[in-house]
Each structure stands twice: as C-alpha cells, then as structure tokens.
Amino acid sequence: MKPFKWEKHGLIYCLDDQVSWAKGYTQMPTVDAMCDRGIDIFFSSRDQLNRSLIGRLTLDRDNLKRIVDVQQSPVLELGDLGTFDDCGVMPSSLVNFEGRKYLYYIGWNVRNTVPYHNSVGCKPSINPR
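The sections below set out a description of the structure shown in this document.

How each quantity is defined
- Residues numbered from 1 in each chain as written.
- Predicted model: local features only at pLDDT ≥ 70, side-chain atom pairs only at ≥ 80, totals over all residues.
- Heavy atoms only, no water.
- Helix = DSSP H or I, 4+ residues; strand = E, 2+ residues; numbered from the N terminus.
- Salt bridge = Lys/Arg side-chain N within 4 Å of Asp/Glu carboxyl O.
- Buried < 20%, exposed > 50% of the residue type's maximum accessible area, 1.4 Å probe, protein only.
- 1 Å grid on protein atoms, 1.4 Å probe; cavity = no way out; pocket = protein on both sides within 12 Å on 5 of 7 lines; lining within 4 Å.
- Points joined across faces, edges and corners; volume = space filled by probe spheres on them.

1. Details of unusual backbone geometry
1) Next: Residue Met 28 is not a glycine yet carries a positive backbone phi of 60°.
2) Next: With respect to the helices, strands and loops of the structure, Met 28 is situated in strand β1 (residues 24-32).
3) Next: Although it is not a glycine, Asn 50 sits at a positive phi angle of roughly 70°.
4) Next: Among the secondary structure elements, Asn 50 is positioned in the loop between β2 (39-46) and β3 (52-60).

2. Some remarks on the pattern of salt bridges
1) Next: Counting across every chain of the model gives 5 salt bridges.
2) Next: Notably, a salt bridge pairs Arg 51 with Asp 47, separated by 2.7 Å at the nearest N-O pair.
3) Next: Ionic pairing is found between Arg 66 and Asp 60, a salt bridge with its closest N-O pair at 3.1 Å.
4) Next: Here Arg 66 falls in the partly exposed class, since its relative accessible area comes to 42%.
5) Next: The structure contains a network of salt bridges with shared partners spanning Arg 37, Asp 40 and Arg 56.

3. A word on the layout of surface pockets
1) Next: Within this model, the largest pocket holds a volume of roughly 380 Å³.
2) Next: In terms of lining, the largest pocket is formed by 20 residues, of which the most central are Ile 12, Pro 29, Val 31, Ile 41 and Leu 59.
3) Next: Elements with a minimum of two residues in the lining of the largest pocket: β1, β2 and β3.
4) Next: Sorting elements by how many residues they give to the lining of the largest pocket places β1 first, with 5 residues.

This is the structure:
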C-alpha cells in the first residue's frame, strides 16, 4: 500500500437521500487509510430523532473526490436503554491491530442535571463490506 499524504480537498461528502437514516450533519470524520478497497471514512450523522449514529463511506484511493460507496445501514447501533451510548454514538479513532480493526467511539446519553453526558467505548472488529 502506498503512503498516504494529507492534502486539503474541501467538501468531499454532503448528506443526500442515499442514506435514509441520516437526516442532519456529517461530523467527526475518522479515517481508515489501511482499507484494501480505498479509504474508509467513518462519520457521525443525526437521525430523525436527533440521535447520532455512525456511517461509513469509501473513497477511491487514487481520486479522493470520487466516492466509491456509502454504507446504507449504521456501522453501530445505539446501546440499550440506560447504557452510556443509548442516545448517540460518534467515531473518534480507528486502530488496526493484529489483522483486526477496532473503532473507538464516543457514546452519549441525555441526563437530568446537564444536557448530555459523554463516555468512550470500543467496537471490536469492524468488518469490511
């Protein structure tokens, strides 16, 4: 795999009707440049209930303005009621270790004393599509 050099490319992806659950925002881009198909970008978007979920798109490694694929379903579902990630999840870092991918993410839930509360989790083994 050739080395990856960062260059500013401006807007690469904007929400459209391709992903039915993504109704607002694309934030927290988290890059997996070690993907065999191209470059995976994990991002957070809000659903119709304003809960953040994690999406994924793949860019052509040789033409970063060309989107190869946009995953239709969220990468990670919300946690069970009462858990640290029952109101939202957002990507923060992806680690490749011993042939497996680990997606570290921020989980949040609504609180009574403050607007929300953040915690950190890890989704082991992000599978290729």
